[in-house]
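Each chain, written out:
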Amino acid sequence: MRQEPAPLTRHLRVRQERGHTVLEFRGEIDLAAATEIAPHLDRETNRRAARVVIDLSRIEFFDCSGLRLLYRARSRVLDRDGHLLLVCAHPLTLRVLRLTGLSRLLPPQPTLDAALEQPEATSGSV
C-alpha cells in the first residue's frame with residue numbers, strides 16, 4: 001500500500017516518483033500559497049539536471065501567483081540543464097495556461113502517469 005507523503009505546507013507535498021521529484025500543489029494557489037510554496041520549489045529546482053514534475057491535479061483555484069511559480073520553476077530547471085513536466089486537467093487552469101502561452105512552453109499532461117511517460121525532449125527542457 002502506498003503511503004501519502006507528509007505535506008511540507010498546506011499547499012504542497014513533495015515525493016519521488018520514477019526518478020522525478022513530484023511537487024504536488026493542493027487547494028487554492030494564490031499569493032499566500034505561492035509564498036509558502038516558493039522556498040520549497042526553489043530548493044527542488046536548484047539541483048543540476050533536476051527532473052521535476054509539478055502536479056496541479058489537486059488544486060481548486062490557480063491565479064497569477066501560481067503562474068509565476070510555474071515560470072520560475074521552468075526557468076530555474078532549464079538554467080541547470082534539467083527538465084520540467086506539468087500535470088493539469090482542470091479546465092479553467094488549462095484555459096489560463098493556453099491564454100498566457102505557458103501551455104506551449106510547458107505542455108500539460110492529464111495525469112502523472114502520462115507526464116512520466118513523456119520523452120524528455122517534449123518536456124519543458126526545450
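In case you missed it, the structure is sitting above this.
Source: prediction; values computed, not measured.

Novice: What is the right way to look at the pairing of strand β4 (residues 51-62) in this model?
Specialist: Along a regular strand, successive side chains alternate from one face of the sheet to the other. In this sheet, β4 lies alongside strand β3 (residues 20-29) in parallel orientation, the contact comprising eight bridges. For Ile29, the partnering residue across the bridge sits in β4 and is Phe62. Handedness of the β3-helix α1 (residues 31-44)-β4 crossover: right-handed. Here β4 runs beside strand β5 (residues 83-87); their pairing, made up of five bridges, is parallel. In the sheet register, Arg51 faces β5, and the bridge partner there is His83.

Novice: Got a minute to help me understand helix α2 (residues 64-79) in this structure?
Specialist: A turn of α-helix holds 3.6 residues, and therefore any two residues three or four places apart point the same way. Between its first and last C-alpha atoms α2 spans 22 Å; for 16 residues at 1.5 Å apiece the expected length is 22 Å, and the two agree. Restricting attention to buried positions, one finds in α2 the residues Ser65, Gly66, Leu67, Leu69, Leu70, Ala73, Arg74, Arg76 and Val77. Its buried side turned inward, α2 meets β3, α1, β4, β5, α3 (91-100) and α4 (102-105). In this structure Asp63 caps α2, since a side-chain oxygen of it lies 2.8 Å from the backbone nitrogen of Ser65. Two residues or fewer after α2 comes Asp81, characterised by a positive phi angle close to 60°.

Novice: Would you mind showing me how to read α1 here?
Specialist: Its 14 residues place the ends of α1 20 Å apart at the C-alpha level, agreeing with the 20 Å of an ideal helix rising 1.5 Å per residue. Approximately 40° is the largest bend angle found in α1, and it occurs at Ile37, with the proline Pro39 only one to four residues beyond. If you check which residues of α1 are buried, you get Ala33, Ala34, Ile37, His40, Leu41, Asp42 and Glu44. One side-chain oxygen at the N-terminal end of α1 lies 3.3 Å from the backbone nitrogen of Ala32; it belongs to Asp30.

Novice: Would you mind going over the pattern of salt bridges with me for this structure?
Specialist: Side chains that differ in sign of charge can pair as their charged atoms come close. For the structure shown, the criterion picks out ten salt bridges. In this structure, the salt-bridge partner of Arg15 is Glu24, at a minimum N-O distance of 3.2 Å. Side by side, Arg15 and Glu24 carry an identical accessibility label, which is buried. Across the pair Glu24 and Arg58 runs a salt bridge, and its minimum N-O distance is 3.6 Å. Placement of Glu24 in strand β3 and of Arg58 in strand β4 is noted, with a sequence separation of 34 residues between them. Look at Glu24 and you get buried, because its relative accessible area is 5%. Members of the salt-bridge network, linked through shared partners, are Arg15, Glu17, Glu24, Arg26 and Arg58.

Novice: How do you make sense of the nonpolar core when you look at a structure like this?
Specialist: Of all hydrophobic cores here, the largest spans 27 residues; its most connected members are Phe25, Ile54 and Leu56. With near-sequence residues (within four places) excluded, Leu56 lies in contact with Phe25, Phe62, Leu70, Leu86, Val87, Cys88 and Thr93. Grouped together as the second largest cluster of nonpolar side chains are seven residues, Val22, Leu85, Val87 and Leu112 included.

Conventions we followed
- Residues numbered from 1 in each chain as written.
- Predicted model: local features only at pLDDT ≥ 70, side-chain atom pairs only at ≥ 80, totals over all residues.
- Heavy atoms only, no water.
- Pairing = 2+ DSSP bridges.
- Helix = DSSP H or I, 4+ residues; strand = E, 2+ residues; numbered from the N terminus.
- Right-handed = clockwise from strand over helix to strand, strands pointing away.
- Expected span 1.5 Å × (residues − 1).
- Buried < 20%, exposed > 50% of the residue type's maximum accessible area, 1.4 Å probe, protein only.
- Contact = heavy atoms within 4.5 Å.
- Polar contact = N/O pair within 3.5 Å; in protein donor to acceptor, adjacent residues only side chain to side chain.
- Bend = angle between axes of the 7 residues up to and from the residue.
- Salt bridge = Lys/Arg side-chain N within 4 Å of Asp/Glu carboxyl O.
- Core = buried A, V, L, I, M, F, W, Y, C linked by side-chain atoms within 4.5 Å.

This is a description of form; function is not addressed.
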